[in-house]
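Report on the structure
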Protein chains: 2
Amino acid sequence: VVRRGRRPGEPDTRGSILAAARALFAEAGYARVTIRRIASVAGVDPALVHHYFGTKEELFANAVDLPFSPAEAVGRVLAGGAAGMGERLAQLFFTVWEAPESREPLIAQLRQAMVDPEAPFPFAEFVSGALLPRAVPHLSVPNPSLRLELAAAHLVGVAILRYVARLEPMASLPAERLVAEVGPRIQTYLEDLPPS
Amino acid sequence: VVRRGRRPGEPDTRGSILAAARALFAEAGYARVTIRRIASVAGVDPALVHHYFGTKEELFANAVDLPFSPAEAVGRVLAGGAAGMGERLAQLFFTVWEAPESREPLIAQLRQAMVDPEAPFPFAEFVSGALLPRAVPHLSVPNPSLRLELAAAHLVGVAILRYVARLEPMASLPAERLVAEVGPRIQTYLEDLPPS
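All values reported here derive from a predicted model rather than from experimental measurement. (Residues numbered from 1 in each chain as written. Chains lettered and ligands numbered in written order. Predicted model: local features only at pLDDT ≥ 70, side-chain atom pairs only at ≥ 80, totals over all residues. Heavy atoms only, no water.)

**Topic: the nonpolar core**
If you look at the biggest cluster of nonpolar residues, it comprises 145 residues, and the most contacted ones within it are A:I38, A:L59, A:F94, B:I38, B:L59 and B:F94. In terms of residue count, helix α9 (residues 144–164) of chain A provides more of this core than any other element does, 14 residues in total. Contact partners of A:I38, with chain neighbours within four places excluded, come to A:I17, A:A20, A:A21, A:L24, A:F25, A:V33 and A:L59. (Core = buried A, V, L, I, M, F, W, Y, C linked by side-chain atoms within 4.5 Å. Buried < 20%, exposed > 50% of the residue type's maximum accessible area, 1.4 Å probe, protein only. Helix = DSSP H or I, 4+ residues; strand = E, 2+ residues; numbered from the N terminus. Contact = heavy atoms within 4.5 Å.)

**Describing the relation of the copies chain B and chain A**
Of the two same-sequence chains, chain B is brought onto chain A (RMSD 0.0 Å, axial shift 0.0 Å) by a rotation of 180°. What the superposition gives is, in effect, a two-fold axis relating one chain to the other. Most of the interface of chain B is mirrored in chain A, where 100% of its interface residues are also at the interface. (Least-squares fit on C-alpha atoms with pLDDT ≥ 70 in both.)

**Looking at the interface of chain B and chain A**
Across the contact, 35 residues belong to chain B and 35 residues belong to chain A. For the chain B and chain A pair, buried surface summed over both sides reaches about 3300 Å², with 70% attributable to carbon and sulfur atoms. At the surface where chain B touches chain A, the tally comes to two salt bridges. Among the salt bridges present, the one from A:R147 reaches B:E181, with a minimum N-O distance of 3.2 Å. In this structure, the connection of chain B to chain A is made through 10 residue pairs in polar contact (both at pLDDT 80 or more). Only α7 (100–115), α9 (144–164) and α10 (175–190) of chain B provide two or more residues apiece to the side of chain B that touches chain A. (Buried area = accessible area lost by both parts, 1.4 Å probe. Salt bridge = Lys/Arg side-chain N within 4 Å of Asp/Glu carboxyl O. Polar contact = N/O pair within 3.5 Å; in protein donor to acceptor, adjacent residues only side chain to side chain.)

**Considering helix α4 (residues 56–63) of chain B**
Residues and elements named next belong to chain B. Taking burial as the measure, the eight residues of α4 include seven buried ones, the bulk of the element. Of all the residues in α4, the buried ones are K56, E57, E58, L59, F60, A61 and A63. One or two positions beyond α4, positive phi appears at D65, with a value near 55°.

**A short note on helix α7 (residues 100–115) of chain A**
Taking 1.5 Å of rise per residue, the 16 residues of α7(A) would be expected to cover 22 Å, and the 22 Å separating its terminal C-alpha atoms lies within 8% of that figure. Considered for burial, the residues of α7(A) that qualify are A:S102, A:R103, A:L106, A:I107, A:Q109, A:L110, A:A113 and A:M114. Contact partners of the buried residues in α7(A): α6 (85–98), α8 (122–131) and α9 of chain A together with α7 and α9 of chain B. (Expected span 1.5 Å × (residues − 1).)

**A word on unusual backbone geometry**
Here the amide bond leading from A:E168 into A:P169 is cis, since omega sits at 10°, within 30 degrees of zero. Here A:P169 lies in the loop between α9 and α10 (175–190). Notably, A:D65 is not glycine yet its phi reads approximately 60°, a positive angle. You can see A:D65 is positioned in the loop between α4 (56–63) and α5 (70–78). Located in the positive-phi region is B:R166, a residue other than glycine, with phi close to 50°.

**Section: the environment of A:L106**
Looking at where A:L106 falls in the secondary structure, it is placed in helix α7. For the pair A:L106 and A:I186, spaced 80 residues apart in sequence, the C-alpha to C-alpha distance is 21 Å.

The quantities given are spatial measurements derived from coordinates; they are silent on function.
Okay, structure coming up:
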């Protein structure tokens, strides 16, 4: 019997899955895209998607060239609870923005979302829908979802002024100094502000 | 003698100056536009621009429908020095964004600036070039310009998520609750963070 097409597990199966994932996430955002749909577009069995990439989160991370594994990164941010979480979150956030291969598509998505608020913004959906909610049970402040949203807003504002507007002195500040400045302020959303 | 055109001081002189100012600020940003140039485009004497609007700042505020006078507003923010300045800054910032007549042109400028970083962004120039530098001498933190820029970044991020992305719960939060949450965090940039 002559086999047609590629067998499951051939080198390019992984590439076809990634290409399908990239296209679908860009078209429909993060939340509404399923592994089943990605498998169908790639022409493979959904089990093979799980085999290569594990969860949808890990597949997303690979598709958009995130410079870390979400499962590991979230684990690190949450480890130790609220104490120091602001700095760990800022660190993770700027890791994504400092790497050109994840920064460039992010800026493109951000521009698209600014011009058309209905445009899919898969990265924002991924962060606000999949990552941030996991921090909620670790926080003992009132209204933790709002607090996380305000913390995210701060990070987004810095990203826009630093990487898009390239405002000085912020644009030239070494990333670790930025984390050292912003992390403790993020922290004041995750724990109550110390009295001044 | 039959006079042609309008005499200086006739009702529409003010309107012509405003129209010229609006067009020039939109075209060239804030810093590079002079009163002299505005007067020339409006076809009036520069002294008349000063007569009607006082400073370039006040003219800008009128041209973009800011819901306050910059001189008075800056005076209020600076009064009392660094203590409580974060809340006063946040208050002022959200006053601009809450008023639809100043919010809509701001969103338009922001979109333009995101798509084309070379596009003029008169409001951002006005804030970062004319307003924020006045706070610098009132602060006794290291690197006050960077601190003010990070504070501004936080405010910008909240504005984008609240007014452009309309992210909930932030979008529906009453403005005074927003100021109460964000103001004390802005404050940690203007005074040193209390030890936690």
